[in-house]
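Below are the chains, spelled out letter by letter.
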Amino acid sequence: MKRHSGQDRSITQNWRPATLAVRGGTARSEYGETSEAMFLTSGYCYDRAEDAAARFAGEQTGMTYSRLQNPTVEMLEQRIALLEGAEACRTMATGMAAMTAVLLCQLQQGDHVVAGRAAFGSCRWLVDTLLPKFGIQSTTVDARDPQAFEDVVRPNTKVFFFETPANPTMDVVDLRAVCGIARERGITSVVDNAFATPALQRPMEFGADVTAYSATKMMDGQGRVLAGAVCGTQDFIDNTLLPFTRNTGPTLSAFNAWVVLKGLETLDLRIRRQSENALAVGRFLEARVPRILHPGLPSHPQHELAMSQMSAVGGIFAFEVEDRAQAHALLNALELIDISNNIGDSRSLMTHPASTTHYGVSAEARAEMGVTEGLLRLNVGLEDPQDLIDDLDRALRQVGL
Ligand SMILES: Cc1ncc(COP(=O)(O)O)c(C=O)c1O
């Protein structure tokens, strides 16, 4: 039986991404199940007291406690690491648990972080509010400009932290340039790759040190569970991240890990179809709304950069109408597309970031990052794009656009 082939790097190194997404990390039990087993257990037993002691001492391989290891969770970690092209991965309970852990595990009082100013609301909160509480300074920059990072670097700068494309304005960061600046100065670059996933963009190939994910989004892909992940070198995961997470406990449940394992099997298919659908919907909207922020469209100022580091742009983009009243009216007029602040789902979802995902960000920061009162973010799902266009067409007419 090919019981452990999905975990054997000498075998998986020859597999292409689509194969890794289905089989990478699989470790079959003695029953030879085809689908990965779900190990819903918090603890593990030992034959002898000496075995328990040896496992705690790190002298014997095996599980000790599901806050620290779980066979289902480990299968997911191996699969994500293989897809990412990373030495190692550690999953977390949510994307925000991953972002919090990846920052706090490597920063201490007196350190400085440079972060992209366009970011998911809670990521901005980490940078603007949480880090300074612990004496960690932070500066936010327009991450579309690599020079902006260089200009604010200080001797105590330890981390560059940014999303590309960013939520919700779709700012694209030049990975090679920004990660290169970080490398030259011994700064760790941390890329939140939730929108693209390794199916469309592998930041480490452009010099990123660490990638972090909300696996709640495209990796699950069907709006079912919350999950997060951090990928990096074995040394970073074992010696920097793990001491933090083992003791603070933002662990992913085996059930959620199993759901994401199943999600990864179809990630490539879903994200490519959603990218195509989003382009079709984007082309329609481009002619109908005052402004569209979709890097997959040739009219977008960062289109060439996006296409040079991504194989497709994904299913999410943003556009602007006049103001909040018109944005809310448009949402309310939709019949097929749901009003929802989630993304990465196979259903099309639309939200008004200023009053939802970015409500907790100060008005000043919202203005600075381009989250205007008329901005709407659309997650294009797997429905027939013509049905989505028909829904938008009717709703736009209703609000006078
Ligand atoms: C770019 C980005 N990073 C992180 C997160 C947080 O992920 P989670 O909701 O899984 O905690 C989100 C959620 O929307 C996101 O869009």
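As a reminder, the structure under discussion sits directly above these lines.
Residues numbered from 1 in each chain as written. Predicted model: local features only at pLDDT ≥ 70, side-chain atom pairs only at ≥ 80, totals over all residues. Heavy atoms only, no water.

Engineer: If you had to explain unusual backbone geometry to someone new, which residues and values would you point to?
Structural biologist: For residues that are not glycine, phi is negative in most cases, and the peptide bond is trans in most cases. At the junction of Thr164 and Pro165, the peptide bond is cis and its omega measures out at -10° in the coordinates. Notably, Met170 is not glycine yet its phi reads approximately 65°, a positive angle. Among the structural elements, Met170 can be located in the loop between β4 (157–163) and α8 (175–184). Judged by relative accessible area, Met170 falls into the buried class, the value being 0%. In this structure, Thr197 is a non-glycine residue whose phi angle is positive, near 65°. Inspection of the secondary structure puts Thr197 in helix α9 (residues 197–200). (Helix = DSSP H or I, 4+ residues; strand = E, 2+ residues; numbered from the N terminus. Buried < 20%, exposed > 50% of the residue type's maximum accessible area, 1.4 Å probe, protein only.)

Engineer: I'd love a proper account of the packing of aromatic side chains, names of residues and values included.
Structural biologist: Counted by the stated rule, this structure contains two aromatic pairs. Here Phe149 and Phe160 contribute two aromatic rings whose centre-to-centre distance is 4.9 Å and whose plane-to-plane angle is 50°, an arrangement assigned as tilted. Placement of the pair is Phe149 in helix α7 (residues 146–152) and Phe160 in strand β4, with a sequence separation of 11 residues. Comparing Phe149 with Phe160, the two get one shared label, buried. Judged by centre distance (5.8 Å) and plane angle (70°), the ring pair of Phe149 and Phe162 falls under edge-to-face. Note that Phe149 is positioned in helix α7 and Phe162 in strand β4, a separation of 13 residues in sequence. With respect to class, Phe149 is no different from Phe162; both count as buried. Taken together, Phe149, Phe160 and Phe162 form an aromatic cluster joined through their ring pairs. (Phe/Tyr/Trp six-rings, centres within 6.5 Å; stacked < 30°, edge-to-face > 60°.)

Engineer: Before we move on, could you go through the sheet that holds β4 and cite the residues and values that matter?
Structural biologist: The strand order across the open sheet formed by seven strands is β1-β7-β6-β5-β4-β2-β3, and the pairing between neighbours is mixed. With one partner strand each, in any of the chains shown, β1 (88–92) and β3 (137–141) form the two edges of the open sheet. Along the sheet, successive strands turn relative to each other by an average axial angle of 20°, direction set aside. Taken strand by strand, α8 contacts β4 and β5 (188–192), and its axis lies near 165° from that of β4. (Pairing = 2+ DSSP bridges. Axes fitted to C-alpha atoms, helices over the stretch in contact; angles between N-to-C directions. Contact = heavy atoms within 4.5 Å.)

Engineer: Kindly report on the nonpolar core, identifying the contributing residues and their values.
Structural biologist: Judged by nonpolar contacts, the single largest core of 41 residues is most densely connected at Leu76, Ile80, Met219, Cys231, Val260 and Leu264. For this core, the secondary structure elements donating two or more residues are α2 (17–23), α4 (71–84), α9, β7 (228–232), α11 (254–265) and α12 (267–286). In terms of residue count, the dominant contributor to this core is α4 (seven residues). When residues of this core are sorted by domain, at least three fall in each of domain 1 (5–265) and domain 2 (267–398). Every residue in contact with Leu264, bar those within four places of it in the chain, is listed here: Ala21, Leu76, Arg79, Ile80, Leu83, Met219 and Arg270. (Core = buried A, V, L, I, M, F, W, Y, C linked by side-chain atoms within 4.5 Å. Domains from an automatic or database assignment.)

Engineer: So what's going on with the pairing of strand β9 (residues 316–320)? Which residues, and what values?
Structural biologist: With respect to burial, β9 is a largely interior element, five of its five residues being buried. Of the two faces of β9, the one lined by Ile316, Ala318 and Glu320 and the one lined by Phe317 and Phe319 are each fully buried. Relative to β9, strand β8 (residues 291–293) is paired through three bridges, and the arrangement is antiparallel. Looking across to β9, one finds that Arg291 is bridged to Glu320. In the sheet, β9 pairs with strand β12 (residues 375–379) via five bridges, with the strands oriented antiparallel.

Engineer: Would you mind going over the site of the ligand in detail, with residue names and values included?
Structural biologist: Close contacts around the ligand come from 14 residues, with Gly95, Met96, Asp192, Ser214 and Thr216 the closest. Here an oxygen atom of the ligand sits 2.8 Å away from a polar atom, N or O, in the main chain of Gly95. A distance of 2.6 Å separates an oxygen atom of the ligand from a polar atom in the side chain of Thr216. For the ligand, the protein covers 93% of the area, taking 390 Å² as the surface of the free molecule. Across the shell around the ligand, the residue classes tally to six nonpolar, five polar and three charged. (Near = heavy atom within 4 Å. Polar contact = N/O pair within 3.5 Å; in protein donor to acceptor, adjacent residues only side chain to side chain. Areas by Shrake-Rupley, 256 points an atom, 1.4 Å probe, with all protein chains shown as cover. Nonpolar A, V, L, I, M, F, W, Y, C, P; charged D, E, K, R; others polar.)

Engineer: I'd like a description of the state of the cysteines, backed by residues and values.
Structural biologist: A full pass over the atoms with the stated rule returns zero disulfides. Not engaged in a disulfide, the cysteine Cys231 finds its nearest cysteine sulfur in Cys89; these two sulfurs lie 4.0 Å apart. Taking relative accessible area as the criterion, Cys231 reaches 0% and is therefore assigned buried. (Disulfide = S-S within 2.5 Å.)

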